2 protein chains.
Amino acid sequence: LAASLAVPSVATANADVEKNIANSKNWAMQAGDMYNQRYSKLNQINKGNVGKLQVAWTFSTGVLRGHEGSPLVIDGMMYLHSPFPNKVFAIDLDTQKIKWKYEPKQDPAVIPQMCCDTVNRGLAYAEGKVILQQADSMLVALDAKSGKVVWSTKNGDPKLGAVNTNAPHVFKDKVITGISGGEWGVRGFIAAYNLSDGKLAWKGYSTGPDNEMLIDPDKTMTWTDGALKPVGKDSSLKTWKGDQWKIGGGTTWGWYSYDKALNLMYYGTGNPSTWNPAQRPGDNKWSMTIFARDVDTGVAKWVYQMTPFDEWDFDGINEMILADIPVKGKPTKALVHFDRNGFAYTMDRTNGALLVAEKYDPKVNWATHVDMKTGRPQVVAKYSTAQNGPDVNTKGICPAALGSKDQQPASFDPNTGLFYVPTNHVCMDYEPFKVEYTAGQPYVGATLSMFPAPGSHGGMGNYITWDAGNGKIVQSKPEKFSVWSGSLNTAGGLSCYGTLEGFFKCVDAKDITKELYKFRTPSGIIGNVFTYEHKGKQYMGVFSGIGGWAGIGMAAGLEKDTDGLGAVGGYKELNQYTDLGGSLTIFALPN
Amino acid sequence: LAASLAVPSVATANADVEKNIANSKNWAMQAGDMYNQRYSKLNQINKGNVGKLQVAWTFSTGVLRGHEGSPLVIDGMMYLHSPFPNKVFAIDLDTQKIKWKYEPKQDPAVIPQMCCDTVNRGLAYAEGKVILQQADSMLVALDAKSGKVVWSTKNGDPKLGAVNTNAPHVFKDKVITGISGGEWGVRGFIAAYNLSDGKLAWKGYSTGPDNEMLIDPDKTMTWTDGALKPVGKDSSLKTWKGDQWKIGGGTTWGWYSYDKALNLMYYGTGNPSTWNPAQRPGDNKWSMTIFARDVDTGVAKWVYQMTPFDEWDFDGINEMILADIPVKGKPTKALVHFDRNGFAYTMDRTNGALLVAEKYDPKVNWATHVDMKTGRPQVVAKYSTAQNGPDVNTKGICPAALGSKDQQPASFDPNTGLFYVPTNHVCMDYEPFKVEYTAGQPYVGATLSMFPAPGSHGGMGNYITWDAGNGKIVQSKPEKFSVWSGSLNTAGGLSCYGTLEGFFKCVDAKDITKELYKFRTPSGIIGNVFTYEHKGKQYMGVFSGIGGWAGIGMAAGLEKDTDGLGAVGGYKELNQYTDLGGSLTIFALPN
Ligand SMILES: O=C(O)c1cc(C(=O)O)c2c(n1)C(=O)C(=O)c1cc(C(=O)O)[nH]c1-2
Ligand SMILES: O=C(O)c1cc(C(=O)O)c2c(n1)C(=O)C(=O)c1cc(C(=O)O)[nH]c1-2
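Residues numbered from 1 in each chain as written. Chains lettered and ligands numbered in written order. Predicted model: local features only at pLDDT ≥ 70, side-chain atom pairs only at ≥ 80, totals over all residues. Heavy atoms only, no water.

So, on to the relation of the copies chain A and chain B. Once turned by 180° and shifted 0.0 Å along the axis, chain A lies on chain B with an RMSD of 0.0 Å. One copy is carried onto the other by what is essentially a two-fold rotation axis. Mapped onto chain B, 100% of the interface residues of chain A again fall at the interface, so both copies present the same surface. (Least-squares fit on C-alpha atoms with pLDDT ≥ 70 in both. Contact = heavy atoms within 4.5 Å.)

Residue and element names in this part refer to chain B. Around ligand 2 there are 21 residues in total, and Glu68, Thr165, Ser180, Gly181 and Asp406 lie nearest to it. The separation between an oxygen atom of ligand 2 and a polar side-chain atom of Glu68 is 2.6 Å. Trp253 is positioned with one of its side-chain polar atoms (N or O) 3.3 Å from a nitrogen atom of ligand 2. For ligand 2, the protein covers 98% of the area, taking 470 Å² as the surface of the free molecule. By residue class, the composition of the shell around ligand 2 is six nonpolar, eight polar and seven charged. (Near = heavy atom within 4 Å. Polar contact = N/O pair within 3.5 Å; in protein donor to acceptor, adjacent residues only side chain to side chain. Areas by Shrake-Rupley, 256 points an atom, 1.4 Å probe, with all protein chains shown as cover. Nonpolar A, V, L, I, M, F, W, Y, C, P; charged D, E, K, R; others polar.)

Attention shifts here to unusual backbone geometry. The omega angle of the peptide bond from B:Ser273 to B:Thr274 is 0°, so this bond is cis rather than trans. Considering the arrangement of structural elements, one finds B:Thr274 in the loop between strand S18 (264-268) and strand S19 (289-294). Along the chain, B:Lys285 connects to B:Trp286 via a cis peptide bond; the corresponding omega equals -10°. For B:Trp286, the position within the fold is in the loop between S18 and S19. Even without glycine at this site, A:Ser137 takes up a positive phi of about 85°. Positive phi, close to 55°, is recorded for B:Met288, a residue that is not glycine. Here B:Met288 lies in the loop between S18 and S19. (Helix = DSSP H or I, 4+ residues; strand = E, 2+ residues; numbered from the N terminus.)

A few words now on the site of ligand 1. Residues and elements named next belong to chain A. Close to ligand 1 lie 21 residues, the nearest being Glu68, Thr165, Ser180, Gly181 and Asp406. The separation between an oxygen atom of ligand 1 and a polar side-chain atom of Thr251 is 2.7 Å. Trp253 is positioned with one of its side-chain polar atoms (N or O) 3.3 Å from a nitrogen atom of ligand 1. When ligand 1 is considered free in solution it has 460 Å² of accessible area, and contact with the protein chains removes 99% of it. For the shell around ligand 1, a count of residues per class yields six nonpolar, eight polar and seven charged.

Residues and elements named next belong to chain A. Here four strands make up an open sheet; going across it, the order is S11-S12-S13-S14 and the pairing antiparallel. Bordering the open sheet on either side are strand S11 (169-171) and strand S14 (200-205), each of which pairs with just one other strand. For this sheet, the mean inter-axis angle between neighbouring strands, taken without regard to orientation, is 25°. Here strand S12 (residues 174-177) runs beside strand S13 (residues 189-194); their pairing, made up of four bridges, is antiparallel. The partner of Val175 across the bridge, within S13, is Tyr193. (Pairing = 2+ DSSP bridges. Axes fitted to C-alpha atoms, helices over the stretch in contact; angles between N-to-C directions.)

Residues and elements named next belong to chain A. Counted residue by residue, strand S32 (residues 461-467) has six buried out of seven residues, so it is predominantly covered. As judged from the seven bridges shared by S32 and strand S33 (residues 472-479), these two strands associate in the antiparallel manner. When the bridges of S33 are listed, Asp467 appears paired with Lys472. What sits between S32 and S33 in their antiparallel hairpin is a turn of four residues, with Gly471 showing a positive phi close to 70°. (Buried < 20%, exposed > 50% of the residue type's maximum accessible area, 1.4 Å probe, protein only.)

Residues and elements named next belong to chain B. Burial of strand S5 (residues 88-92) is extensive: four of the five residues sit out of reach of the surface. Relative to S5, strand S4 (residues 77-81) is paired through five bridges, and the arrangement is antiparallel. Directly across from Leu80, in S5, lies its bridge partner Phe89. Between S4 and S5, which pair antiparallel and follow one another directly, the connecting turn spans six residues, one of which, Asn86, has a positive phi of 60°. Pairing of S5 with strand S6 (residues 98-102), which is carried by four bridges, proceeds in the antiparallel orientation. The residue bridging Phe89 from the neighbouring strand is Lys101, located in S6. Here S5 folds back onto S6 in antiparallel fashion, the turn holding five residues, of which Gln96 has a positive phi close to 60°.

Across the contact, 32 residues belong to chain A and 32 residues belong to chain B. Carbon and sulfur atoms supply 49% of the area that chain A and chain B bury against each other, a total of about 2600 Å² over both sides. Taken together, the links from chain A to chain B amount to four salt bridges. Between A:Asp579 and B:Lys87 there is a salt bridge whose closest N-O contact spans 2.9 Å. At the surface where chain A touches chain B, the tally comes to 22 residue pairs in polar contact (both at pLDDT 80 or more). Those elements giving two or more residues to the side of chain A that touches chain B turn out to be strand S2 (54-60), strand S6 (98-102) and strand S37 (511-520) of chain A. A class-by-class count of the residues in the side of chain A that touches chain B yields 13 nonpolar, 13 polar and six charged. (Buried area = accessible area lost by both parts, 1.4 Å probe. Salt bridge = Lys/Arg side-chain N within 4 Å of Asp/Glu carboxyl O.)

Within the structure shown, the criterion is met by 57 salt bridges over all chains. Residue A:Asp197 pairs with A:Lys199 through a salt bridge whose shortest N-O separation is 4.0 Å. With relative accessibility at 34%, the residue A:Asp197 sits in the partly exposed group. B:Asp234 is paired through a salt bridge with B:Lys233; the nearest N and O atoms lie 3.3 Å apart. Connected through shared salt-bridge partners, A:Asp313, A:Asp315, A:Arg340 and A:Asp406 make up one network.

Residue and element names in this part refer to chain A. Of all the residues in helix H3 (residues 15-22), the buried ones are Asp16, Val17 and Asn20. Axial view of H3: buried residues confined to an arc of 95°, hence all on one face. Away from its buried face by more than 90 degrees, H3 exposes Ala15, Lys19 and Ala22. Along its buried surface, H3 packs onto strand S3 (72-74), strand S7 (124-126) and S11. Among the residues of H3, the N-terminal cap falls to Asn14, whose side-chain oxygen and the backbone nitrogen of Asp16 are separated by 3.0 Å. (Arc of directions from axis to C-beta.)

What follows is the structure, given as structure tokens:
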């Protein structure tokens, strides 16, 4: 009886959010929906006319550093966020006037605590509240009409490096948020706060004792030996030496998704700390892991670790895209994940079964393949920074630490059944070294340099289409730099993304090598493309504002090649193309 | 014989600059020419098709505060400047790549020494050199090909508040530059440096002994008693009490113009220091004055003081536009000047004769009229802050201290014979108080508040057309805020300007109430509209980036109404429209 009473709540993800999503005129969540698909049914702008696209209007946020995420649009209002200091603007789309602006006072001491630029990945909206996850870890609900604070709550301690960059996500009656600070030895967790009052509902750590992870040793399943088995007692503690798990990372700064029929939310955990593997022998569970959690209780239904014992900083936080697709011919409730480690995983999202794991960049060389029985990557000794040991520079590892893909979210197009993936095509040298933990100080322990994948087209990125049912690249479009922007597909037959040089591009979703439209926005793009309709007109838009890890040299004014954990050298040519500056560019067809 | 030998040099303004100006594809000087006309012969974009204008590309400078001036375009290269820290970019228009970038290291202590935002009004180009006047007073010549410093020279002492915002101007073989710091008691001057090596050629102060002003008591003429008369001995010293002239202002941060046939350059001097008139009885010559100087020697041919004994901060620096027009029916080599004090002056530029002086905003009330015999404004006692005395708040003075027009340059259209003037429609309360001079500290001595001109359309600006031959407003187009952007007229029948809300607008030059095109750029516009042609296509462009005096609240993060010398309160509604951010928006017709 109790179980059946629970059914109605299972059936609604959140009635208000669902209603907003169902109306394609809105852009109601960061990914447009709860599946992380980044697909819009709008088709006024389409293959035939996108070449005529024009800039409709623009808006500067007044903040210089990297602009990730995108605005939201709800019923004729646009809600924009900015990087630190995390301003929020409510813009009336009728008049384009700023209805209200919220600018928190945050201690600038937070800035140097952020590993990869002072980015923020955007707002959530539900039930008349705009939710902001500030850098200083304050989670704030604003009244959407007035911008006044309804509630606010502290999610972490920035003095210890626990800061935030992720977008909050509303699933059911909860606001879900994560934490950053893997490079400060922060112990990662995911937390659910009540949308109504901001009180903590549950919190599940990535590492440590079972109860703190909300892992049920008997019921939380994982893929092993070709089958799903319970993780067993102390599944995390057993894989760490001593207390290292307490400063062991596994942060959660990515995009989350939710399947209301299963009442499961999905997200990935980041790298184990430090970057010097010698200091943390073991699998370091559950860093680098896909988590499927019950949204009501937080209890983990299944987990899957992509990169046990990370030796390369291949954070597992990249988004889980939920799609119902044929996998090897069989209709599947799939979860598709393009991991930093260069493998794209297709799982059965209902239970965590591993279905496909293939390289989505042919240059990936640190592992030969993923053993489908054990689910473990087969590491190539030559590229093992652990086997080579500290103070040895392991050269030519592909991908680089920022992975074949980093935070830039991919899109799924139900019309083609393909995934559209903005990728990095970058390799690295990696030299780990011993590092002491000091609370609140960086805890990295490796020197890196990065460079374009050798023996390729010379560029640092590709925009690809991926067949997740078979684990195959369909097409690959070379780009000079990593594509650090999130893509969008639309019913107009388009796939659109931004480049680090600053170009907004739309390609033919059926043939992505065909560039149908290209426009140079004010600055490099690391934001995500979004679309909405207002007064009968479809608009597309994207933030520009160079930054993020790839643009950290410019964003933070760094100059040494190995600064920014190797990104400064790798992306130094960016300064021939663009400069800082955060603004929104909105496109539409001519009247 | 000596005189006739000098003739050839008189005939050329600077062969290279003239050649660049003659080619309408370039935008070779800040005003497009040496006459300050801001008129372009390009007509591809015209009245008929401007409605179809599109944004062609955009570029962020990576600097947030007010962006004045405009880029230059020379032979397919674009040279952009930014506010402090005064970056310079050379962009190849074929590839839009940044060919080189120059970023001086300037002491940030300069920032608070700048009265009205950290603006910079742009570059000069001549003979393969790009000339930058940095905020810290360094005048720098860069090699246009490489961006390397060819020479640099110090123009003032920023520790004493002598900083720079003006664009350098190349006339003949000289680089002309001025100085800011009227609110720091800086003694104003204009200086000419050799274009070839950066050595000082001459320097003419605004105040003090005749020889330091390069004034010839017998030959430098001024309009008095209905005729031109020599200024006589100690024309400045006699009008100051004691040594006050040494800290007496008269700075020179505006736009300069040059008539090569006369070999005269024209510019205006700023307010006398302090803003408390009680501390400086006398006419305070030659503050608030139009200077006509010989470019070779610097010697003043004529001077004319618009506002003797300033009591309102009506700096006389606004540009002198040279145009050959009928004045009261008679063909005239005219100089037209829209002064801060609200009067527009038409002079005979050959000799300094006063021909017309009329209000170009009907709300101007501090003076009834300019006496055409004496050339002096007839002050209304009620609005005299000196007669009312220190510590008395004189209310309702029109215009406000920022004048009926400030730095925003006007344009002249030879087709209509009219001047197109971006104006302020703002009044003020002004309360002077005693202030001690401390070297390097602000030396203001007045509290101000500003508000829209009462009993009018409620807005703070008008875009007007002006008949300078008769001293009459032809049309007036209301704007919500001051029009702080420089205008451009073109052979396409257009007059274009920007607004503080961020709109780029083009109106019909024959009927400026007809808005033909409007586009919302990322931020408020205080830059000047410019145009060029590249590969057969005409482009128009403008910097956006709110700031300057009108936008100082946002630019410097000030909040008290009387901060920013009263501008913060006056313009506080701006934050409902825009935020900071410097970028260039380039427009063109669709392909
Ligand atoms: O370990 C962490 O906590 C953490 C946090 C973040 C972040 O919050 O932005 C990044 C990373 N790691 C990271 O490894 C990484 O590649 C990265 C890229 C970016 C970005 O926004 O471009 N952030 C982060
Ligand atoms: O007295 C001076 O030296 C001085 C300098 C400047 C400047 O250099 O920008 C301005 C002013 N005064 C001034 O009075 C004024 O209205 C003003 C406006 C602006 C601007 O850029 O918006 N600058 C200045």
